[in-house]
Amino acid sequence: MKPKFYVTTPIYYINAEPHIGSAYTTIIADIIARYKRFRGYDVFFLTGTDEHGQKVLNAAQEAGKSPQEFCDELAEKFKKLWEDLEITNDYFIRTTDELHMKVVQRFVEKIKENGDIYKGKYEGWYCVPCESFWNEDELGENKTCPSCGRKVRWVSEENYFFRLSKYNQRLLEIFQENPNFVEPDFRRNEMLRILEKGLKDISITRTSFKWGVPMPGDSDHVIYVWVDALINYVSAIGYTWDEEKFNRYWPADLHLIGKEINRFHSLIWPAMLMSVGLPLPKKIYAHGWLTFNGQKISKSLGNAIDPRVLVEKYGLDAIRYYLLREINFGKDGDFSEDNLIGRINADLANDLGNLLHRTTAMIAQNFDSKIPQPSKKESVDNQLILGSLETIQKFFENMDNLRFTQALEQLWQFISLSNKYIDLTEPWKLSKIAVKDRLATVLYNLAESLRIIATLLKPIMPRTSKEIYLRLGIAQEWEETNDKAVEKWGKLKPGMIVKHGKPLFPRIDIKKFEKITATKFKEEVKMVTEELNIITIEDFSKVELRVGEVLEAEKIEKSEKLLKLKVDLGELGERQIVAGIAKHYSPEELIGKLIIVVANLKPAKLMGIESQGMLLAAKDGGKLKILTVDGSLKPGAKVS
Ligand code: MSP
C-alpha cells in the first residue's frame, strides 16, 4: 500500500475575493501535493472556505444579501479560481456544509465531556477582520490589533471558555521533543515565547450574532469562528462519519499556513486535539507574506489583483516558477513584475527554452527528427550524466524539506550545465559522416537531459513539463510519469520523433510592457495557452482554408522573392495573392496548380501590391514547396 500524505491550506475567509497573496498558499500546497503524488504517495489535498463569523456576516449585509446566499456565490468563485489555476485539491470544504457543522458540534461536545469547557464572562478586545481576541497588553498604540493594525472593539459577553491553559505544559514539551513541529524555526520560537509567558483560557462562543454553528445544548451561543474553522481539517476526512478514511489520513502531514495565523494552528489547534484525544499534525509550516510591486496587498488599498490576470499576462507556469524561485519560502517577499519578467527572459526563455530549441532543431536537421542512437561515451558526456544524478538527488532532498528556491536553483544549474555541454561539444561541427556517431551521442544526451529536466518539473510547471515531453515525442508517457522515470540515465528511447516548435517562453520586452494595476475580480478570465504549442479545435476552425486554382502568375518588378498570382477560390471569387516563392517557382509552372489558401486573412500590402490571402508552403532548410491537393477538386473546396 502506498504511504499517505495529507496536506491542507487554511480555509479562506469568504468575505472578499482571493488575490495573489491568498493564491500563494494554495499554489504552494498544490506543488507539494503534486510532488508527493509524483513520489508515490497517496495524497489528500484539502482546501476550502471559512464562512461563519462576524466578518462574513458584515460583508453579506453590506452586499445586501443573506449570509448563506452571499457565501454560496463566493464559494463558487473560489472553486472556479482554483479550477482555473489548475489546483489539484482532492476536496473543497465549506464550513456551512451540514456535515461539517455536525462534526464541529460533536467535537465541542467531546471537549466538554473531557471537562475542558466552562461558562464565564468575557470582557476584552476583539478584532473583527482577524476574528481574534487580544489581551490589553498585546494591543498596539491607540487600541489597535497587533496582527492587522486596525482598531479593536470592546466586547463584554457571557461566554463558554476552553481550558487552553491546561495544555500549556504539554505543548511546551511537544515543542521541545519535536523541534520540527512548527517551521520555520523563527516562527517556532515566536510560539515558544508565547508558551513560556503562559497561555490563558480562550472564549469559544459568541452571543452577539447568530451566523455560526450553534453551541450544543445552548443555542443562544454560536461557536467561535476559529474553533469551527480549525475543525475543518478533521471533518473533511471523515472524523466521526468515516472511520476508515479518517484513520487513513489523520494526522495531517502538513498544515500550510501564513505567518499571522500561526498561534491558532500551533497552539490552540493542538490543544483542542489533545482535549479530544486525537494525534497532532506532524508539521505546521507558517510562510511569509507577499507584497505586490512593493505594496501591501489589500482590497482597501485597491491593489488586490485577481491571480488570473497575472496568469493571462505571463502564463501559469511562469507564475508558479516565479513564486517558488524568487520568494524564499518562509520569508516575506515581493511579487515584482520587473523581477518576474527578468526571470521569464533569463531562466525560462533563455536557459530552458534555448536548450530545448537548439536540441530539437539539431535532431530535426541531422536525424530526420528521430532521437538518435547514442554510442561510446566521452568524459564530457560522463560529466553531464554525473551532473544529472547529483541534481536529481539534491532536487529531491530540497523538495522534501520544502526548500523550493534551492531545489530550482539546483535544477537550473543542470540546465546551465546542459547548455555548456553544447558549447563544449560543438555539435554543429559534427555533422560530417565521419563524426555523425559522435553527433548522435551528443544529441541523445541533450534530449535525455531535457527528459530529466521535464520530469522533475512535472509538479512545479506541469504545462511546461508536458510540452517538453511532447516535443521529445513521448507525450503519451507524461500523465503516468513519476520519480521512477529518473531512476537512471538513458530511459529515453532512440527513434522517438521530436517536434521542433515555437519557443517555449517568448521573451518579454521590458520597455514595451505595462504593469498590472488593480483589477476587478474577474468571473471569466480567458486563460493563456499560447505559452504552449497547443490550440483548441475552435482556434483551428477560425482559419478558413480553401483550395484555389492558380489562373495567372507573374513576377513583381524589383522583387527577387515575390510573385503575384490570380487565384480562383470558387464560390469566394477570384483573389490576388502575393507570395514569396519567386526563388523556388517560375510563374509558368504554377498555372493550373491547385493550392491551399488562407481565405480569411486580413489583406496586406507587399511592395505596394495588395495580397488578399496567403498560400501555404512548407520549408526545409533552403527548400520550399507549396501545398497542393492530392488529386483534382473544385476550386473553393474547404480544407479542414
Ligand atoms: N479563515 C482563516 C483561516 C482559517 S484556517 C482553519 C484565514 N483566512 S484568510 O483568507 O484571511 O487567509 C488565508 C491565507 O491567505 C492565510 O494563510 C494567509 O496568510 C494567506 N494570505 C493572505 N494574504 C496574503 C499575502 N499578501 N501574502 C501571503 N499570504 C497571504 O486567515
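The rules behind each value
Residues numbered from 1 in each chain as written. Predicted model: local features only at pLDDT ≥ 70, side-chain atom pairs only at ≥ 80, totals over all residues. Heavy atoms only, no water. Helix = DSSP H or I, 4+ residues; strand = E, 2+ residues; numbered from the N terminus. Expected span 1.5 Å × (residues − 1). Salt bridge = Lys/Arg side-chain N within 4 Å of Asp/Glu carboxyl O. 1 Å grid on protein atoms, 1.4 Å probe; cavity = no way out; pocket = protein on both sides within 12 Å on 5 of 7 lines; lining within 4 Å. Points joined across faces, edges and corners; volume = space filled by probe spheres on them. Nonpolar A, V, L, I, M, F, W, Y, C, P; charged D, E, K, R; others polar. Pairing = 2+ DSSP bridges. Disulfide = S-S within 2.5 Å. Buried < 20%, exposed > 50% of the residue type's maximum accessible area, 1.4 Å probe, protein only. Near = heavy atom within 4 Å. Polar contact = N/O pair within 3.5 Å; in protein donor to acceptor, adjacent residues only side chain to side chain. Areas by Shrake-Rupley, 256 points an atom, 1.4 Å probe, with all protein chains shown as cover.

**Thoughts on helix α15 (residues 404–425)**
Working step 1: For α15, built from 22 residues, the straight-helix expectation of 32 Å at 1.5 Å per residue is met to within 8% by its first-to-last C-alpha distance of 32 Å.
Working step 2: Following α15 by one or two positions, Glu 426 adopts a phi angle in the positive range, close to 45°.

**Considering the pattern of salt bridges**
Working step 1: Evaluation of the coordinates by the stated rule reveals 43 salt bridges.
Working step 2: One salt bridge in this structure joins Glu 109 and Arg 106, with 3.0 Å as the shortest N-O distance. Of the two residues, Glu 109 and Arg 106 are both situated in helix α4 (residues 98–113); the distance of three residues between them amounts to about one turn of the helix.
Working step 3: Residue Glu 326 pairs with Arg 343 through a salt bridge whose shortest N-O separation is 2.6 Å. Of the two residues, Glu 326 is situated in helix α12 (residues 316–326) and Arg 343 in helix α13 (residues 337–366); the sequence distance between them amounts to 17 residues.
Working step 4: In this structure, a network of salt bridges that share partners links the residues Lys 80, Asp 84, Asp 306 and Arg 308.

**What about empty space enclosed by the protein?**
Working step 1: The full count for this structure, using the stated rule, is one cavity of 30 Å³ or more.
Working step 2: Approximately 30 Å³ is the volume attributed to the largest cavity.
Working step 3: Surrounding the largest cavity, Arg 451, Ile 474, Glu 477, Lys 491, Leu 492, Lys 493 and Met 496 form its lining.
Working step 4: Residues of the lining of the largest cavity, tallied by class, amount to three nonpolar, no polar and four charged.

**Description of the sheet that holds strand β10 (residues 205–206)**
Working step 1: Reading across from one edge, β10-β12-β11 is the order of the three strands in this open sheet, with antiparallel pairing throughout. Whereas interior strands pair on both sides, the edge strands pair on one side only; in this sheet they are β10 and β11 (214–215).
Working step 2: Note: β11 against strand β12 (residues 218–223), two bridges, orientation antiparallel. When the bridges of β12 are listed, Met 215 appears paired with Asp 218.

**Points about the state of the cysteines**
Working step 1: Applying the stated rule across the entire model yields zero disulfides.
Working step 2: With no disulfide partner, Cys 127 has as its closest neighbouring cysteine sulfur the one in Cys 145, 3.7 Å distant.
Working step 3: A relative accessible area of 0% places Cys 127 in the buried class.
Working step 4: For Cys 145, a relative accessible area of 3% gives the class buried.

**Concerning the site of the ligand**
Working step 1: Lining the immediate environment of the ligand, one finds 24 residues, of which Ile 11, Asp 50, Gly 258, Glu 260 and Leu 290 sit closest.
Working step 2: Tyr 13 places a main-chain nitrogen or oxygen 3.1 Å from an oxygen atom of the ligand.
Working step 3: At 2.9 Å, a backbone N or O of Leu 290 approaches a nitrogen atom of the ligand.
Working step 4: When the free accessible area of the ligand is taken as 670 Å², the share hidden by the protein chains comes to 93%.
Working step 5: Taken together, the elements giving at least two residues each to the shell around the ligand come down to β2 (12–13), α1 (20–38), α7 (225–230), α8 (232–235) and β13 (254–258).
Working step 6: By residue class, the composition of the shell around the ligand is 13 nonpolar, nine polar and two charged.

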